[in-house]
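In case you want the letters, here they are:
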Amino acid sequence: MASITRRRFGVFTAAAVALGAAVGLSAQAAQAETVLRVIPHADLKNVDPIWTTAYITRNHGYMVYDTLFAMDENLEPQPQMVDTWEVSEDGLTWTFVLRDGLTWHDGTPVTAEDCVASLQRWGARDGMGQKLMDTVASLEATDEKTIVLTLSEPYGLVLESIGKISSNVPFMMPKRLADTDPFEQVPEIVGSGPFMFSQEDWVPGSKVVYLRNENYNPREEAPSAAAGGKLAQVDRVEWLYIPDQTTALNALLNGEVDYWEQPPVDLVPILQQNSDIVVEVLDPLGNQGMLRMNHLHPPFDNEKVRQAVVAAVNQETYMLAAIGDPEYFDICTSLYACGSPLETTAGADLLVNPSKETAMKLLEEGGYDGTPVVILQATDIPVLNAASLVTAQTLRDIGMEVELQAMDWATLTSRRAVQDPVVDGGWNVFHTWWIGGDISNPVTHTGLSTGGTERAWFGWPDDPKLEELRDAFSKETDPDVQKALADEVHARALQVVTHANFGTWFNPVAYRSNVSGLIKSPVQFFWNVSKN
């Protein structure tokens, strides 16, 4: 299976030469400014970070937008756009006052009314936002800088919700854009963050450009994960989408790019042989793989068939194929982040003890009738490509009919939103991953939402009992009771099969030695990054 991801270091390809020429010309033209050139993990196709949870769009969001609160390196919420805040004695009224000097990229001032509209739009799409909004009696701007959030009952995760670090991040937008239907993308990219999106330089499928926001007003605190001062240390950041791994490797080795977000692990030894390249793991929590099934259509509208897939998932097989080097992966069946306080194996017997025989028995009990399974295969992301191939073979081994449909990740993130039957452009399975900060508890974990077609994440599981348990967790303040509820959620999620966890891994990053200031965090940020 390891042969799936093995590749040999080839000679400079024609594509690489073309890239080098293009970048070289660009470099000559940009001598007067500092340009940080980045190979991102995917192409940026969808630009609204509230409309999609795709990490490439989240990363784009952090370049352009800012947040009211942000998580520090201990995943504790800290004020970001907010200056001061207070909570009433009964815990029901939260008052936030914005910092002075905040402006949008179009030059207009940031107002409390803008932030109220932004929170409302985020709360309509994000799973954690939806839970918060369920307890909100009112949310209003009482003056230009003051936001008042009133709850109908105490809620234990207010700051954790509006300061969440990953998708969907509650980014602030001007009201005229935040009023956009949350199920449609915003028509214009205007934020208040440290960089500005350059619409005229955007070449979908190739290049995204961000320009330093000279009017940004950073906090005075030192950077700490998503919190603290956001200092744009370069004039321009260019994301250069290079799906061919050998081309990307040569671009970094030859100094045509400065930073590679996700080099495949099997190329790391080549990178480490070059003294001008630094390879390190910046995310201490790692990533968890998700095999997501579509609950709307056969055969995965059947609980037994979904359980059969879980029983067939052997994490070691996936990790050897997708990552290869055991130094960069762990076998861990918890749906919560491994190593986090809520890590558990409650209800995880099928994952802990994978069995082809058990899977075939469950498939028979579910009455599987040979309905073909369409797997969306993201060929430009090595981990997901390998996971798709392993799943295809695994399902065939237990007797299922499988069709792989190859596409790039950007296309997949649009296709997965389609709820239509498979024959009309829908799907049965796709693979993705979550950073540890996204899956630390039952509410932050978007994949555990079972609110059906209206509220659940793609795949749309519908289970009122699981939602009741997640609600109980969000309103509980006793840590011991919370832990017990988290175990119940975990067991129920694996019974109804919200998804399967196909392994935990730690992505290294690679960058030129003249780059410094990278922030250790589950999300890679480009403020504070300098280039000599």
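In what follows, the accompanying structure is described. (Residues numbered from 1 in each chain as written. Predicted model: local features only at pLDDT ≥ 70, side-chain atom pairs only at ≥ 80, totals over all residues. Heavy atoms only, no water.)

### A closer look at the sheet that holds strand S5 (residues 93–98)
Then, number 1: Read from one edge of the open sheet, four strands run S4-S5-S7-S6, paired in antiparallel fashion. Across the chains shown, the open sheet's two edge strands, defined by having one partner strand only, are strand S4 (82–87) and strand S6 (136–141). The mean angle between the axes of side-by-side strands here comes to 15°, regardless of whether they run parallel or antiparallel.
Then, number 2: Of the strand pairs in this sheet, S4 and S5 are connected by five bridges, and their pairing is antiparallel. Of the residues in S5, the one forming a bridge with Trp-85 is Phe-96. (Pairing = 2+ DSSP bridges. Helix = DSSP H or I, 4+ residues; strand = E, 2+ residues; numbered from the N terminus. Axes fitted to C-alpha atoms, helices over the stretch in contact; angles between N-to-C directions.)

### Focus: helix H17 (residues 479–496)
Then, number 1: A rise of 1.5 Å per residue sets the reference length of H17, with its 18 residues, at 26 Å; its end C-alpha atoms lie 26 Å apart and thus fit the reference within 8%.
Then, number 2: Where the residues of H17 are buried, they touch helix H9 (303–312), helix H11 (349–352) and helix H16 (464–475).
Then, number 3: If you check the start of H17, you find a side-chain oxygen 2.8 Å away from the backbone N of Asp-480, and it comes from Asp-478.
Then, number 4: Just beyond H17, the residue with positive phi is Val-497, at close to 60°. (Expected span 1.5 Å × (residues − 1). Contact = heavy atoms within 4.5 Å. Polar contact = N/O pair within 3.5 Å; in protein donor to acceptor, adjacent residues only side chain to side chain.)

### Notes on the packing of helix H3 (residues 112–125) against helix H4 (residues 127–134)
Relative orientation and spacing of two packed helices are given, respectively, by the angle between their axes and the distance between those axes.
Then, number 1: Running from amino to carboxyl end, H3 crosses H4 at an angle of 110°, the nearest separation of the two axes being 6 Å. Relative to H4, the element H3 lies roughly perpendicular. Note that H3 runs across H4; the crossing there is left-handed. Between H3 and H4, the residues in contact are Leu-119, Gln-120, Trp-122, Gly-123, Ala-124 and Arg-125 and Gly-127, Gly-129, Gln-130, Leu-132 and Met-133, respectively.
Then, number 2: Its residues placed into classes, the contact of H3 with H4 shows five nonpolar, five polar and one charged. (Parallel < 35°, antiparallel > 145°, perpendicular 65-115°, else oblique. Left-handed = near helix turned anticlockwise from the far one by under 90°. Nonpolar A, V, L, I, M, F, W, Y, C, P; charged D, E, K, R; others polar.)

### Comments concerning the packing of H9 against helix H12 (residues 356–365)
Then, number 1: It is at 8 Å that the axes of H9 and H12 come closest, and there the two elements cross at 170°. Considering the angle they form, H9 stands roughly antiparallel to H12. Only Thr-358, Ala-359, Leu-362, Leu-363 and Glu-365 of H12 make contact with H9, whose side of the interface consists of Lys-304, Val-305, Gln-307, Ala-308, Ala-311 and Ala-312.

### Points about the pattern of salt bridges
Then, number 1: In this structure the tally under the stated criterion is 25 salt bridges.
Then, number 2: Taking the shortest distance from any N to any O, the salt bridge between Asp-179 and Lys-175 comes out at 2.7 Å.
Then, number 3: Exposure remark for Asp-179: the relative accessible area of 46% places this residue in the partly exposed category.
Then, number 4: A salt bridge links Asp-201 to Arg-236; the nearest nitrogen and oxygen atoms lie 3.8 Å apart. Placement of the pair is Asp-201 in the loop between strand S8 (195–197) and strand S9 (207–212) and Arg-236 in strand S10 (residues 236–240), with a sequence separation of 35 residues.
Then, number 5: Judged by its relative accessible area of 14%, Arg-236 falls in the buried class.
Then, number 6: One connected set of salt bridges, linked through shared partners, spans Arg-37, Asp-201, Arg-236 and Glu-238. (Salt bridge = Lys/Arg side-chain N within 4 Å of Asp/Glu carboxyl O. Buried < 20%, exposed > 50% of the residue type's maximum accessible area, 1.4 Å probe, protein only.)

### Here's the deal with the side chain of Gln-482
Then, number 1: Inspection of the secondary structure puts Gln-482 in helix H17.
Then, number 2: Excluding residues within four positions of it along the chain, Gln-482 makes contact with Phe-473 and Glu-476.

### Let's talk about empty space enclosed by the protein
Then, number 1: Taken as a whole and judged by the stated rule, the model has eight cavities of 30 Å³ or more.
Then, number 2: Here the largest cavity is characterised by a volume of approximately 240 Å³.
Then, number 3: Surrounding the largest cavity, 20 residues form its lining, Glu-261, Gln-262, Asp-283, Pro-522 and Gln-524 being those nearest its centre.
Then, number 4: Per-element accounting of the lining of the largest cavity gives the leading share, three residues, to helix H2 (residues 55–64).
Then, number 5: For the lining of the largest cavity, the class distribution of residues is nine nonpolar, eight polar and three charged. (1 Å grid on protein atoms, 1.4 Å probe; cavity = no way out; pocket = protein on both sides within 12 Å on 5 of 7 lines; lining within 4 Å. Points joined across faces, edges and corners; volume = space filled by probe spheres on them.)

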